[in-house]
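Summary of the model geometry
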Amino acid sequence: MENLLKSTAERAAHYLESLDERSVTPTAEALSHLSLFDEPFPDVPADPEAVIALLDEVGSPATVTTAGSRYFGFVIGGSLPAALAANWIAGAWDQNASFTTLSPVSARLEQVAIRWLLDALHLPAGCAVGFVTGATQANFAGLAAARHALLARQGWDVEAQGLFGAPPITVVVGEEVHVSLLKALSMLGLGRERVIRVPVDEQGRMRADSLPPLDAHTIVCLQAGNVNSGAFDPMEAIIPQVKAAKAWVHVDGAFGLWAAAAPERASLVNGIEAADSWATDAHKWLNVPYDSGLVFVREPQQLHAAMAVNAAYLAQGDAREPSHYTPELSQRARGIEVWAALRSLGRQGLADLIERTCRHAARFAAGLQEAGYTILNEVVLNQVLVSFGDAETTRRVVAAIQQDGTCWCGGTVWHGQTAMRISVSSWATTEADVERSLEAMIRVASMVRQAAL
Ligand SMILES: *Cc1c(COP(=O)(O)O)cnc(C)c1O
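The rules behind the values
Sequence order sets the numbering: in each chain, residues are counted from 1 along the sequence as written. Given that the model is predicted, a residue must reach a pLDDT of at least 70 before its local features are reported, and side-chain atom pairs must reach 80 or more before they are shown or counted; all residues, however, enter totals for whole chains, interfaces and linings. The side-chain quantities take in all heavy atoms of the structure and omit both hydrogens and water. Working definition: rings of Phe, Tyr and Trp (its six-membered ring) pair if their centres are within 6.5 Å, and the pair is stacked with planes under 30 degrees apart, edge-to-face with planes over 60 apart, and tilted otherwise. Runs of H or I in DSSP of at least four residues are treated as helices and runs of E of at least two as strands, each being numbered from the N terminus. For the exposure calls, accessible area comes from a 1.4 Å probe over protein chains only, and a residue counts as buried if that area is under 20% of its type's maximum, exposed if over 50%, partly exposed in between. A strand pair is defined by DSSP finding two or more bridges across the two strands. Looking down the strands as they point away from you, a crossover is right-handed if its path from the first strand over the helix to the second goes clockwise. Marked domain ranges trace back to an automatic or database domain assignment. Throughout, a residue-residue contact means that at least one pair of heavy atoms, one from each residue, lies within 4.5 Å. A fitted line through C-alpha atoms represents every axis, and for helices the fit uses only the stretch in contact; the resulting angles, taken between N-to-C directions, go from 0 to 180 degrees.

This paragraph deals with the packing of aromatic side chains. What the rule picks out here adds up to 5 aromatic pairs. For the pair Phe255 and Trp285, a centre-to-centre distance of 6.5 Å together with 65 degrees between the ring planes defines the contact as edge-to-face. With Phe255 in the loop between β5 (248–252) and β6 (277–281) and Trp285 in the loop between β6 and β7 (293–297), this residue pair connects regions lying 30 residues apart in the sequence. Residue Phe255 is classed as buried on the basis of its relative accessible area, which comes to 2%. Here a set of aromatic residues connected by ring pairs shows up, and it is made of Tyr71, Phe74 and Trp408.

What follows covers the pairing of strand β2 (residues 170–174). The element β2 is extensively covered by neighbouring structure, given that 4 of its 5 residues are classed as buried. In this sheet, strand β4 (residues 218–223) lies alongside β2 in parallel orientation, the contact comprising 3 bridges. In the strand pairing of β4, Val171 is matched with Ile219. Of the strand pairs in this sheet, β2 and strand β3 (residues 195–198) are connected by 4 bridges, and their pairing is parallel. Across the sheet, the residue bridging to Gly174 is Val198, located in β3. Viewed along the sheet, the connection from β2 through helix α8 (residues 179–187) into β3 turns out right-handed.

To continue, consider the domain arrangement of the protein chain. Where the parts come together, the accessible area they lose is often given as the size of the interface. Domains assigned within the protein chain are domain 1 (2–68) and domain 2 (85–341). Computed over C-alpha atoms, the centres of domain 1 and domain 2 are 35 Å apart.

Before going further, it helps to spend a moment on the sheet that holds strand β9 (residues 383–387). Backbone-to-backbone hydrogen bonds join strands into a sheet, with any given pair of strands oriented parallel or antiparallel. One open sheet accounts for 4 strands, arranged β8-β9-β11-β10; its pairing is antiparallel. Two strands in the sheet have a free side with no partner beyond their single neighbour: β8 (374–375) and β10 (410–414). Sheet topology places β8 next to β9; 2 bridges connect them, and they run antiparallel. The partner of Thr374 across the bridge, within β9, is Ser387. Its contacts with the sheet place helix α12 (residues 391–404) against β9, β10 and β11 (417–423), and it is angled at close to 30 degrees to β11.

Spatial ordering of the open sheet is given by β1-β7-β6-β5-β4-β2-β3, a layout of 7 strands whose pairing is mixed. Strands at the two margins of the open sheet, each flanked by one partner only, are β1 (128–132) and β3. Mean inter-strand twist for the sheet, computed between neighbouring axes without regard to direction, equals 20 degrees. Judged from the 3 bridges that link them, β5 and β6 form a sheet pairing that is parallel. Bridge pairing in β6 places Asp252 opposite Ala279. Relative to β5, helix α6 (residues 135–152) is tilted by about 180 degrees, and along the sheet it contacts β1, β4, β5, β6 and β7.

Here it is as structure tokens:
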């Protein structure tokens, strides 16, 4: 075991060191070698060293370098050194984090991380927190708590009786709701099309003056961080209206919730602490390994009622049981990496991570604008939308930038305009990475445009 783990650590370190010189996307050759994995199921056992050698030699070159410093597609963080290393130790521990009796260390680290998270994100100190696989599942869990609370008020036990014959719940979302929230609604039996969509402004923010009539059977889903523009729904203008109607406010803050941790961005989330539930990712902006998300619910019993299980053989003490707050029963000890990330960053390091990546985004916007390209959004956070001309030209430039391999950005269509999306979410991105990527973007864009003349 010891030799295997040492040689694996060397391979992993070598992989990470090689990323700077590698194309962000794998070469065609590396991808063609993936066929080497297509063996018949072996009849006999293999030496673990040989298994890892095959994995590294064939697998590593075929990875997309999302762990590197110039991947700006989707909203993708890397892994902080302490978080990756904690993941290795936790892998060695192989803890099942579902119950305190199964993993006292994981349960304790979750509790410490919860305290720090609520502090860093400016959320109410008494919130229940579940360590889930990502923001999709965090949205699911938060909305399950909402569903429970709204129906319990009307004397309906949704966990026991389901939704057949239940009093109706109205769900309100913004026109630019993230698809994962709609997926969560569909999994909850609330229906992804059975929603009221509120119009948004030019940045994708829900219009506070366009809310439908609200009542105590309504869930209003707000967004902190539009996946295209990075914009925030106006929490201070909307949440008091929703609360006055006794409706439930859920916030999808997959990455945007972290703005609270950076003093210069924190005003974006003003008023957010008055919501009832919040979803965020840890694997995006906190830069922990996949998969890791967090759900927060103001009234702990609402999440507990929606998620807790009971069986005679399962522990039932006074301790906080991690799986009483998550859809998963058995689960990986995700809290360990969250703890390690926060422990290594500290308050200042976390603020700097958020602020620095936002600054990189602003530099991308300024550099592209200077080069004559159009920035489509107000760059308030870490997201930039750029147009290189008409839709066809922009699509060609995005494809050519991806082909070039210096960095990676995806395409999108936003408010009818084809654009390239830049999301700066990795701890590893430096100013030099931004300049190198800008140079590549501008060089490739002008080549594409000249070729079109
Ligand atoms: C990424 C994202 C999600 C989904 O998160 P996963 O971690 O992929 O489940 C939800 N909402 C927003 C706004 C996002 O950016």
